[in-house]
Amino acid sequence: MTDADNKNVTNATLGKKVLAGSVASGVALTGGTAGAIAQEKKFALEEVIVTARQRSESSQDVPMHIQALSGDQMEKQGLVTLEDFSRFVPSVSIASTTPGQNTITFRGISDGGGFLVDPTAAIYLDEQPLTLTSQAPDVYPADIARVEALAGPQSTLYGASSQSGTIRIITNKPDTSEFTGTIGVGIDQIRSGDVGYDLDGTVNIPIIEDKLAVRLTGFSATDGGFIDNVLGTTVVDPLGSGLGGQLTNASQVEDNFNSVDWLGARAAVKWDINDNWTATLSANYQKIEADGWNDHDPTVGDLQVIKFIEETRDDEWTQISLVLEADLGFAQLVSASSYYDREIFYQTDTQAYAAYFHYSFGIYAGYATYNFGLDPIGGQTNDQQNDAFTQEIRLSSSSDRLQWTAGLFYQETDERWDFISFLDGYRDSPAFAAWSYYYPGIAPTDGWWLSTQISTRTDMAVFGEIDWSLTDKIDLILGGRWYDVEVDRDYFVSRPTTRLEQDLTAGGTDDGFVPKVGLQYNINDDVMIYALYSEGYRVGGINRGRGEPTLPVEYESDILENKEIGIKSTWLDGRLQMNATYYQMDWEDVQLEATDPSFEIGEPFQVVVANLGNAEVKGIDFDMNFAVTENVLFSFNITEIFNADVIAPESFPDDRFDGGVATLGLEAVARLPLFSDRNWSASVEYTDEIDWFGGGEYYFRLQHSSEDASLNQLSDSANAPRLFQGDYSVTDVKIGFKTDAWTAQLYVNNVSDERGVTFNDASDFDTFFGRSSQNIIKPRSVGAKLRFNF
């Protein structure tokens, strides 16, 4: 076996299993995880073959909710980013502001994200986790085998941050048997925006036939901009002073300024050492350069904003892995060693943010160190570096009645970020003069805040899972993971940036065990029902503890207990596939990121993580694929959430406050954010043979996705209110032609030109001044693609 795919569930090389009829030739008409193949004018649904629980079997035989899209499906459907992917996988929601800056949510399990709290969902590239708080990367889908969404807790096999689900991106591996290659080009025009393009190429070269091969991939793309930075003035104090509104952004005015450039490459070498040993060495590189974010301000105008500071975001990463696979006779061995290095820098306009501190604290509260002067114009930068070394060793074995896997996991991650808030001319402001008065001799600077965090985290785990066939119809699944985590953290605050104010050290350990128990009953060869109990976790930790905060310095692990029942079935001689899962998830001691209320009584401002309440989520996932006729395939997917509420404390004991309690800004019962009550998608595709260009096939595809409204955050306040987002539908139309040598497609995406809001950002206080920052999907675009195979 290859691709280190003895791990549970969807870890095998993608294959196809025809449920009715035979296939000699044809093209798959895909939707979700199923498609249709035309052969002698007959259709049969096909499904992904996975190595689940150590044996190759159909995904229809795996007792969990799985959705996967192959690389070809991703290209046909026009899916590039995680946000695109989530449109057709309703159990997943992505809060996105620009490529590479994503928060992943499965089945409504979300705390609202942040920059300190661990994510509730993980993302993997082959064997290595790339998970990062609020910055899940977008891996450009060049030469991708498939992208998988594993809904529900995956912590027994995928560890921390796989609390509610895991997205896996699987790359194509070198093929030692034959030389192949492909080149793809594309162009698109955005309504009222710029032209975009994409170019990618892959070549597979056997060096020694059936022994050694190299696979090389490269890509370059530009997403055209569609947001205009228009002429405007600084915000006006809404509290009645009449101050503000005197300066303009004339130097920054620009049309379609939010373009994004992608550049990357992948190289892999596979060596079949002998009949029992295989080694695969691979390296991935990607760089994204974004000029601004995909946000607009409807109070200013459609696709328009008023920005005073040049915005940019650079996201560059490298990943190297070595996978050794061996047949030891009694078991299969996989050793996966990986290294990941990612560097992120962004600069963003925060004029409203600076004005809020100036008016609220500098003018009305009388804090001289926040008196930034007339009409402050400012921004923020964050310079961040993350690197991780991951080692996993697995043994697995399979027999007629028993399949098992056992493994060891080790990961060491290092992180450093330097976050700066700055103002134009801050060194000449009353605020800097006040600091200079209290601390004579500090060096002039335009930065009024600098926070630096340096962290090292070590994860170790032992995990295992068995599948025992009790009878020909009943399987028992047992699994578990023991984990141990150690974190060391240094935190520095400088105010202004040239005066170190605090140097704090924090650290701690956490360990625990999460189980998994399942029962599968095969009613017949086409219908299976199952019940599953599983747990997911995020590790506990220690806050930085500036001054004397209200909330505890330490916080505990939060545990997600998942109970689900499901059915997987095929009908009508394999033409109809229907799957459904009902789940109830209890989330205990939910970790939430919050501003510590002690700031209101003079303690230093700080954002902390705390265990604040318990939550419950109930819902259902349903997917259907139906070969209606010999030429028509219909697909439908839906996730419906019946309940997703957190019961949280509205206050926390603190004798320093009136009444002995501090208000937290939380409701007693609140809706979990970043996931709507209903997400669904549907598609219909018609395909047929054609005699043009020596013969081939053409298709017409209509695809539609819909997302109900969700909330942007859990807390609610006058200066940063809880807002609605989502509540939009998108329709795309594709027309394509395919031969063995080449494919072509014309398309219109977002036909109705919807302004779907992926994230309604209130964190920079825009709404306090009557403005808005809504991150939106791409407007209507028209484009064409060509791909040549050789």
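The structure we're discussing is the one just above.
Residues numbered from 1 in each chain as written. Predicted model: local features only at pLDDT ≥ 70, side-chain atom pairs only at ≥ 80, totals over all residues. Heavy atoms only, no water.

Side note on the overall build of the protein chain
Rules: Each helix is a run of H or I in the DSSP string that is no shorter than four residues. Each strand is a run of E no shorter than two, and both are numbered from the N terminus. Only the C-alpha atoms count toward the radius of gyration. The rule for a globule is 2.2 Å times the residue count to the power 0.38. Summary of the burial criterion: residues with accessible area below 20% of their type's maximum are buried, those above 50% are exposed, and those between are partly exposed, where the area comes from a 1.4 Å probe applied to protein chains only. For this analysis, residues touch if any pair of their heavy atoms sits within 4.5 Å. Each accessible area is a Shrake-Rupley result for a 1.4 Å probe, and residues are judged covered by the shown protein chains and nothing else.
On a plain count of helices and strands, the protein chain comes out with 5 helices and 46 strands. Taken against the 2.2 N^0.38 rule, which gives 28 Å for 790 residues, the C-alpha radius of gyration of the protein chain at 27 Å falls within 12% of a compact globule. Projected onto the principal axes, the alpha-carbon positions of the protein chain cover approximately 85 × 55 × 50 Å. Considering the protein chain as a whole, with its 790 residues, one finds that 61% of them fall into the buried category. Taking all contacts inside the protein chain whose residues are at least 6 apart in sequence as the whole, residues at least 24 apart take part in 70%. Per element, the accessible surface of the protein chain, about 29,600 Å² overall, is 55% carbon and sulfur.

What about helix α4 (residues 351-364)?
Under the convention used in this document: Expected helix span is given by 1.5 Å per residue-to-residue step, counting one fewer step than there are residues. Axes are fitted to the seven residues ending at a residue and to the seven starting at it; the angle between these axes is taken as the bend at that residue.
Between its first and last C-alpha atoms α4 spans 18 Å; for 14 residues at 1.5 Å apiece the expected length is 20 Å, and the two agree. Helix geometry: α4 is bent most strongly at His 358, by close to 25°. The buried fraction of α4 amounts to 12 of the 14 residues, a majority that puts the element mostly inside the structure. Turning to α4, its buried residues are Gln 351, Ala 352, Tyr 353, Ala 354, Ala 355, Tyr 356, Phe 357, His 358, Tyr 359, Ser 360, Phe 361 and Gly 362. Summarising the contacts, the buried residues of α4 are in contact with β22 (332-349), β23 (378-398), β24 (402-423) and β25 (447-469). Looking one or two residues beyond α4, the residue adopting positive phi is Gly 366, at roughly 80°.

Details of the environment of Ala 744
Of note, Ala 744 is situated in strand β43 (residues 742-749). The class of Ala 744 is partly exposed, set by a relative accessible area of 21%. If sequence neighbours within four positions are ignored, Ala 744 has contacts with Ile 735, Gly 736, Phe 737, Lys 785 and Leu 786.

Things to note about the sheet that holds strand β11 (residues 144-151)
Paired through their backbone hydrogen bonds, the strands of a sheet run either parallel or antiparallel. Put simply, the rule reads: Two strands are said to pair when DSSP picks up at least two bridges between them.
Pairing is mixed across the open sheet formed by 5 strands, whose spatial order is β6-β11-β12-β9-β10. What marks the edges here is a single partner per strand, and that holds for β6 (66-70) and β10 (128-129). Relative to strand β12 (residues 165-171), strand β9 (residues 122-125) runs parallel, the two sharing 4 bridges. When the bridges of β12 are listed, Ala 122 appears paired with Thr 166.

A closer look at helix α5 (residues 430-438)
Counted only if it meets this: Each C-beta atom gives one direction from the helix axis, and the arc is the one those directions make.
What α5 keeps buried is the set Ala 431, Phe 432, Ala 434 and Trp 435. All buried residues of α5 fall inside an arc of 155° around its axis, so they share one side.

Digging into the pattern of salt bridges
What counts, and what does not: Whenever a carboxyl oxygen of Asp or Glu lies within 4 Å of a side-chain nitrogen of Lys or Arg, that contact is scored as a salt bridge.
Taken as a whole and assessed by the stated rule, the structure comprises 39 salt bridges. The salt bridge involving Glu 548 is made with Arg 656; its shortest N-O contact spans 4.0 Å. Of this pair, Glu 548 sits in the loop between β29 (541-542) and β30 (554-555) while Arg 656 is found in the loop between β37 (651-653) and β38 (661-663), placing the two residues 108 residues apart along the sequence. One salt bridge in this structure joins Arg 722 and Glu 667, with 2.5 Å as the shortest N-O distance. Residue Arg 722 is found in the loop between β41 (696-711) and β42 (724-738), and its partner Glu 667 is found in the loop between β38 and β39 (669-671); the two are separated by 55 residues along the sequence. Salt bridges sharing partners connect three or more residues here, namely Arg 191, Asp 302, Asp 753 and Arg 755.

Describing the nonpolar core
In plain terms, the rule: Nonpolar cores were defined as sets of buried Ala, Val, Leu, Ile, Met, Phe, Trp, Tyr and Cys residues, with membership established by side-chain atoms within 4.5 Å.
The biggest cluster of nonpolar side chains holds 37 residues, and the ones touching the most others in it are Tyr 356, Phe 357, Phe 372, Tyr 426, Trp 448, Phe 765 and Phe 769. Elements represented by at least two residues in this core include exactly α4, β24, α5, β25, β26 (474-494) and β34 (607-611). It is α4 that provides the largest number of residues to this core, a total of 8 residues. Those residues in contact with Phe 769 that sit more than four places away from it in its chain are Val 235, Val 236, Asp 237, Pro 238, Ala 352, Ala 355, Tyr 356 and Tyr 359. Counting 25 residues, the second-largest nonpolar core is a separate cluster that includes Val 89, Ile 104, Leu 125 and Ala 151.

Regarding the pairing of strand β21 (residues 312-327)
Taken together, the 14 bridges between strand β18 (residues 277-290) and β21 define a ladder with antiparallel strand orientation. Residue pairing across strands places Lys 287 opposite Glu 316, the latter belonging to β21. The turn linking β21 back onto β22 is made up of 4 residues, and Gly 329 within it adopts a positive phi angle of 90°.

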